[in-house]
Amino acid sequence: MSDIRNRIAHLPPEKREQLLRKMAERQQASGAPALDLPPAPRPARSASEPSPLSFAQQRLWFLDRMEPGTTLFNLPAAFRLRGPLDVKALGRAFNALVERHESLRTRFMEQDGQPVQVADPSLTLALAPEDLTGLPLEQREEQTRKRMAEEARRPFDLTRGPLLRTRLLRLSPEEHVLLLTMHHIVSDGWSIEVLIREVGVFYEAFVAGITPVLPAMPLQYADFARQQQGREGETLRRQLDYWKARLSGAPQVLELPTDWPRPAVQTFQGAELRVELPAALVEQLKALGRRSGATLYMVLLAAFQTVLHRYSGQDEVCVGTPSAGRSQAELEGLIGFFLNTLVLRTDLSGDPTFLGLLGRVREAATGAFDNQDVPFEKLVEELQPRRSLSYTPLFQVMLILQKPQGRPQLGGLALEAIKSTAGRSMFDLTLSLVEVERGGLVGHVEYSTDLFEEATIARLTQHLRRVLEAAVARPEAPLASLPLMPEAEQRQVLLDFNRTDTDVPLDVCFHQLFEAQTDRAPDAVAVRDASSSFSYRALDARSNRLAHHLVASGVQADSIVALLAPRGCDFIASNLGVLKAGAAWLPLDPLHPPQRLAQILSLSRAPFVLVADVFAPLLASALALLPEDSRPRVLSLEASLNADVPSSRLSPRASPSHLAYVIFTSGSTGTPKGAMVEQRGMLNHLHAKVLALGLGPKDVVAQTASQCFDISVWQSFVALLVGGQTLVLGDDVAHSPSALLNALEAHAVSIVESVPSLLSALLEEADSRGSSRPALSRLRFMLPTGEALPAETARRWLLAWPSIPLVNAYGPTECSDDVTHAFLSSPPASSVVPIGRPVCNTRLYVLDSLLRPCPLGIPGELFVAGTGVGRGYLFDSSRTAVSFIPDPFASSPGARLYRTGDRVRWLPDGSLDFLGRIDFQVKLRGFRIELGEIEASLRQLPA
Ligand code: AMP
Ligand code: MG
C-alpha cells in the first residue's frame, strides 16, 4: 500500500489528483478498505495557541537544550540566480511565504515542563542585497563561499526565531546568490523544494503586478504535530510491533574498520567524496532489479550491504534510509520537519546468491516502507538501544537514492544550487545518489572525518562499484565469490607490497658463513658472557670439537639434540656444534619442572640430550618419568666440549633444507607444539636483520632472551655473520630494568631487543633517574617484539632517546621468527604501532575466512609465505595441516602458507597494522600460551 503511496507522491500534482480519484472510485467499487489518505478536516486552532512538538522536533529541541545554539541542525542552502532580478518582488515573495506557513514564524519554548511551539502572528524578513559587484571575479566567489560558511555556522535561537534566514548577494547586475538557512526543526529537504516553488509563484505574480494564487493550506505543521501526538491508534501500535520484531537482536554498531579510533563523543565533522555510476551499469542494475521485482534502490542497497558485510565481518547489517514522512497527500505542500528515517536490517548469512540477497533486501525494504509512519525517535524510545555518544542509535550508515530533480526555476530566473561544503557528517557514512538526465547515478559519500580518510572512502566506492558489476555479471553466484577489489588494488596487496626478493646467500648453511667470517678476522671477540669470552677462532674450534664428538656419538643430519644448559658462551658454542654435526637443537628450559621436560622429550623423541653438569639432577628427575626404552642418550655438555677429538672443521653434513632447531611453543594448557625451522629459514632471518639494521663488525648485539624463545636465535647468531660481537646478559641483568639499563651503557651495546612490557619498565627506570639516565650513546636500535607495541611506550622511548629508533619486530616461531619490521624514529600517530613491512624473501597475505585477499584497511588473518616458513610441527601432522596450507598465490609447486592466527590489515604505505589475535592465544612476558585447547573444549559445551 505505502509503495503505491510512495509512487503517488512522486507524481506531478494534477496527475496525482486524477489518480487518487480513480483509485478511490475503484476501491469503493471493490469494497476494499479505503486508502488512508482522506484529508482530515482542518482542526480549529488559533495560530498563537501553543502546540505540542512532533516526535522529530522533540529530539531536536532536546539536543538543542543540551547544547543551545548548536549548528548541527542548520540546513544551509544557496542558489545562484541568473537573469535580471527584481529584489523588491523577491523580498515580498518571501514575506508572503512566511505569512502562508506558520512553521516559518514558529518559536519554541517550555510550558509546564513540556516543549511547545507557538507561531507568531506576523514576521517580516528584510532582503537587502549585499553588493559584491565591485570585487574582482575571484574575490566575489571567495566572498560568496565565505558567507555560505558563515551562515552554516551561525546559530539559531529556537526560543526567539526566526528560524529562516535569507541573505542576498549581488555579484553582477544579472547574477545574484540567495542564501537560505533554516533550522531543521521547521524544515527538511522536501520543504526547501516547496519553498522554492512557492516563492517562485509569489515572485512571478509580484513582478507581473498581479495577485498570486496558491491553493489554501489544508493544515499547518502544528496541526500535524498535534495529530501525531494524539495518535496512539491501532496503526501506530501495529507498526511499532513490526519494528520491534524486525530489529530485535540487531547489532548495535556496524564495526567498520576505521582509519582512526572512534572518539568517545561524536563531533559530526565530515567531508564528502563524489561518486558516479555510469549509465550502462545503472541500466543493467535496473534490469537485474526487474528480474526479481526489486527497485534500483534495493539493488544498490544489496550491493552496499554486501560491501559493509565484507568490511565489518558482520552478518547482520543495518542501514538507514530517509523517508519523506509525508504519506498523507495533504502534508505534501507543508514546510516543516517531516523527514523520517527507516532502518533496513538485512541478514547476509549463509552465503546467498546476489539474487537471493536481493530477495531478502526487498523484504526488508517493503516491510520498512509499509511501516514507515513510526517516527524514528519514537522507535528509539521504544526499543531503548544501548545509548552512546560515540555512535548514532540503530544504524550508523545511510543510503539515499534521491528522486530526480527537474531544473529548478524561480519565476523565470534560472536557479542553480551551489553545493555547500558544510564539513559535516551526521553518520559514519552516508551514500547519497541521484539519477541524472543523461543516465547514470551521481552523488557523494558523506563520511565522518573522525573515522575515515578520503582514500579509504575512495576505495570503498570502488569496492561498491566492483560488487555492482559482479552482481550484474553473475547474479546467481554465491555472494562470497563476488570480488571486492579492482585489479590494480589486488595487484598492490598481492604483489606490490610483497616485492621482497633479495639476493642473499641461502645456498650454504649459517655455520659455513660463520667459518668464513672466522677466517676473515679470527681474533675478534665473537661471544661474551659474565664469566667468559671467545674469539671467533676459539668459538669455531670449540664448536668443531663438540660436533666431532656428537658425530662420533651417532648424531646425524636432521637428528634432534636436546640442550639443557644455561645461556652463555657455551650455549652458543653448543648450538653451533649441533649445526656443524648436521643436526638440529631443541632448547629445554632449565626453569621448567621435570614433568614438563619429560613431556617435551617424549613429544620430540629426541635421541640425544646435551646437559650442563649443573642441570644433570634436573634431567635425571625428568628422565625418571619416561619409560626406560624411550629415554634419550645423555651427553655431558662440559665433557663433550672438552672431548679428546680434533678441533678441525667437519666436511658439510647438512644442507640448507635440513632442520636447524625445534622450539616448543609454551602451551602450558594445551599440548605444546614443536615448531621445526630449517637452516635456510633461519639464515634468511639472520640476513634480514643484517640488512635491516645495517650490522657490521662494530656491532655488539645483546642476547637477553630465554633460549626457549625464538628470538634468542638471531640474538645469538647475527653478530657472528658480520664479525660483530654477541653479548650474553644473564637473567639477573636481562630481567631487571635497572641492571639492563646499566649494562647497555657499560658494554656499549648497539642492538637490543625487548618485549614491550619490559621496555615500559625500562622507561620508568630511566624517568626515575632524570637527567642522570645513561645516554646509551652506542645503542643504534631498540627492537620491541613479541607483543603489540603500545604507541605510548614508543612515544616515551623516543622522548627519552630521540636519536635511537625503534624497530617493531613481528614474527611467529613457525616462520623462523620475524617476518616484518617497522622502523619508528618519530612518535606514532595511531594508538598502536604498525608491525611494518615484510622482510626479505617473505610474502604476506591478509586473507578473509574464505582465504580471499582483503582490501587495504580491511582486517583479515595474516598468512606468511616465502623462505622463512618452517617445516611444520614435529610429529604432529594434523596440527601441521591446519596451520601450514598450500599457498594458492605461489607459482612453485608445494609452496605453503603459514596461518598466523593474528588479525591485521594493510595500511596504505604497504605496512601492516596489528589488531590482535583471532583465537585465545595470549602472551606472558613474550611467551606464547595457547588457550586453543580450552577454547575448543568450551565450544563443545552445551550453551
Ligand atoms: P612467537 O612465536 O613467540 O614469536 O609469537 C608470535 C606471536 O606473538 C605472533 O603471532 C603475535 O601474536 C605475537 N607477536 C609477536 N611479535 C609481535 C609484535 N611486534 N606485535 C604484535 N604481536 C606480536
Ligand atoms: Mg617471534
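Residues numbered from 1 in each chain as written. Chains lettered and ligands numbered in written order. Predicted model: local features only at pLDDT ≥ 70, side-chain atom pairs only at ≥ 80, totals over all residues. Heavy atoms only, no water.

S.K.: Looking at this structure, I do not really get the packing of helix H15 (residues 510–520) against helix H22 (residues 711–722). What am I missing?
M.R.: Any two packed helices are characterised by how steeply their axes cross, that is the angle between the axes, and by the distance between the axes. H22 packs onto H15 with a crossing angle of 45 degrees between their chain directions and a minimal axis gap of 7 Å. Judged by the angle between their axes, H15 and H22 are oblique. In terms of crossing hand, the pair formed by H15 and H22 is left-handed. Only Phe-717, Leu-720, Leu-721 and Val-722 of H22 make contact with H15, whose side of the interface consists of Phe-510, Leu-513, Phe-514, Gln-517 and Arg-520. Class assignment of the residues belonging to the contact of H15 with H22 gives a composition of seven nonpolar, one polar and one charged. (Axes fitted to C-alpha atoms, helices over the stretch in contact; angles between N-to-C directions. Helix = DSSP H or I, 4+ residues; strand = E, 2+ residues; numbered from the N terminus. Parallel < 35°, antiparallel > 145°, perpendicular 65-115°, else oblique. Left-handed = near helix turned anticlockwise from the far one by under 90°. Contact = heavy atoms within 4.5 Å. Nonpolar A, V, L, I, M, F, W, Y, C, P; charged D, E, K, R; others polar.)

S.K.: Can you help me understand the coordination of the magnesium ion (ligand 2) in this one?
M.R.: As a benchmark, a tetrahedral metal site with four donors has ideal angles of 109.5 degrees, while an octahedral site with six donors has ideal angles of 90 or 180 degrees. Protein-derived coordination of the magnesium ion (ligand 2) comes from Asp-710 (OD), Gly-811 (O) and Asp-817 (OD), at a distance range of 2.2 to 2.8 Å. Motif for the magnesium ion (ligand 2), donor spacing along one chain: D-x100-G-x5-D. Here Asp-710, found in the loop between strand E24 (700–703) and H22, pairs with Asp-817, found in the loop between strand E28 (806–810) and strand E29 (820–824); they are 107 residues apart in sequence, far enough to count as distant. (Donors = N, O, S within 2.8 Å, 3.2 Å for Na, K, Ca; no water.)

S.K.: Is there a simple way to think about the pattern of salt bridges in this case?
M.R.: Pairs may arise between side chains of opposite charge once their charged atoms sit close together. For the coordinates displayed, the defined rule picks out 52 salt bridges. We note a salt bridge from Glu-382 to Arg-237, for which the minimum N-O separation is 3.7 Å. Pair noted here: Glu-382 is in helix H12 (residues 376–383) and Arg-237 is in helix H8 (residues 234–247), with a separation of 145 residues, a long-range link. Judged by its relative accessible area of 33%, Arg-237 is partly exposed. Here the residues in one salt-bridge network are Glu-130, Arg-147, Glu-150, Glu-151, Arg-154, Arg-165 and Arg-167, joined through shared partners. (Salt bridge = Lys/Arg side-chain N within 4 Å of Asp/Glu carboxyl O. Buried < 20%, exposed > 50% of the residue type's maximum accessible area, 1.4 Å probe, protein only.)

S.K.: I tried to follow the sheet that holds strand E4 (residues 114–119) on my own but got confused; where do I start?
M.R.: With respect to topology, three strands assemble into an open sheet ordered E1-E4-E3, the strand pairing being antiparallel. The sheet is open, and its two borders are formed by strand E1 (51–52) and strand E3 (106–111), each paired with just one other strand. Bridge analysis of E3 against E4 gives six bridges, and the strand direction is antiparallel. Each bridged residue has a counterpart across the sheet, and for Arg-107 the counterpart in E4 is Val-118. (Pairing = 2+ DSSP bridges.)

S.K.: Would you explain the packing of aromatic side chains in this entry?
M.R.: The description of an aromatic ring pair uses the distance of the two centres, along with the angle that the planes make with each other. One pass over the structure, following the stated rule, counts 19 aromatic pairs. Look at Tyr-221 and Phe-224: their rings are 5.3 Å apart centre to centre, the planes differ by 55 degrees, and that puts the pair in the tilted class. Linking Tyr-221 with Phe-224, this pair stays in helix H7 (residues 221–230), spanning three residues, or about one helical turn. Aromatic pair Tyr-873 and Phe-884: ring centres 5.6 Å apart, planes at 75 degrees, arrangement edge-to-face. Here Phe-884 lies in strand E34 (residues 884–886) and Tyr-873 lies in strand E33 (residues 872–873), a separation of 11 residues in the sequence. By the burial criterion, Tyr-873 is buried, and Phe-884 matches it. Lying over the aromatic face of Trp-61, Arg-65 brings its terminal NZ or CZ to 4.3 Å of the ring centre. Directly above the aromatic system of Trp-190 lies the positively charged group of Lys-403, at a separation of 4.9 Å from the ring centroid. (Phe/Tyr/Trp six-rings, centres within 6.5 Å; stacked < 30°, edge-to-face > 60°. Lys NZ or Arg CZ within 6 Å of the ring centre and 35° of its normal.)

S.K.: Help me out: how do you make sense of the sheet that holds strand E5 (residues 130–131) in this one?
M.R.: Pairing is mixed across the open sheet formed by six strands, whose spatial order is E5-E6-E7-E2-E13-E12. The outermost strands of the open sheet, each flanked by one partner alone, are E5 and strand E12 (409–410). Across four bridges, strand E2 (residues 74–82) lies against strand E13 (residues 413–417) in antiparallel orientation. The residue bridging Phe-79 from the neighbouring strand is Ala-417, located in E13.

S.K.: I keep staring at helix H21 (residues 679–693) and nothing clicks. Help me out?
M.R.: The α-helix advances 3.6 residues per turn, and as a result positions three or four apart in sequence lie on the same side. Compared with an ideal rise of 1.5 Å per residue, which puts 15 residues at 21 Å, H21 spans 21 Å between its outermost C-alpha atoms and is within 8% of the ideal. Of all 15 residues making up H21, 12 are buried, and the element is well covered by its neighbours. Three or more residues of H21 are buried, namely Gln-679, Gly-681, Met-682, Leu-683, Asn-684, His-685, Leu-686, His-687, Ala-688, Lys-689, Val-690 and Leu-693. (Expected span 1.5 Å × (residues − 1).)

S.K.: Could you clarify how one ought to interpret the packing of helix H3 (residues 55–66) against H7 in this entry?
M.R.: Where H3 meets H7, the closest approach of the two axes is 9 Å, and the angle between their N-to-C directions is 100 degrees. Taken as axis vectors, H3 and H7 run roughly perpendicular relative to one another. Across from Phe-55, Gln-57 and Gln-58 in H3, the residues of H7 making contact are Tyr-221, Ala-225, Gln-228 and Gln-229. Residues that form the contact of H3 with H7 fall into these classes: three nonpolar, four polar and no charged.

S.K.: Help me out: how do you make sense of helix H10 (residues 296–312) in this one?
M.R.: The terminal C-alpha atoms of H10, which comprises 17 residues, lie 24 Å apart, in line with the 24 Å expected from a rise of 1.5 Å per residue. The element H10 is extensively covered by neighbouring structure, given that 17 of its 17 residues are classed as buried. Immediately downstream of H10, the backbone of Gly-313 shows phi near 75 degrees, a positive value.

S.K.: So what exactly am I meant to see when it comes to the side chain of His-463 here?
M.R.: Counting through the fold element by element, His-463 comes out in helix H13 (residues 454–473). For His-463, a relative accessible area of 0% translates into the label buried. Apart from the residues lying within four places of it in its own chain, the contact partners of His-463 are Val-307, Tyr-311, Leu-484, Met-485, Pro-486, Glu-489 and Pro-855.

S.K.: Can you help me understand unusual backbone geometry in this one?
M.R.: For residues that are not glycine, phi is negative in most cases, and the peptide bond is trans in most cases. Cis geometry marks the peptide bond from Gly-161 to Pro-162; its omega dihedral reads -10 degrees. Tracing the chain through its elements places Pro-162 in the loop between helix H5 (137–153) and strand E6 (164–172). Phi is positive for Ser-816, close to 65 degrees, though the residue is something other than glycine. Along the chain, the position of Ser-816 falls in the loop between E28 and E29. Classification of Ser-816 as buried rests on a relative accessible area of 2%. Positioned with a positive phi, Asn-841 is a non-glycine residue whose angle comes to about 55 degrees.

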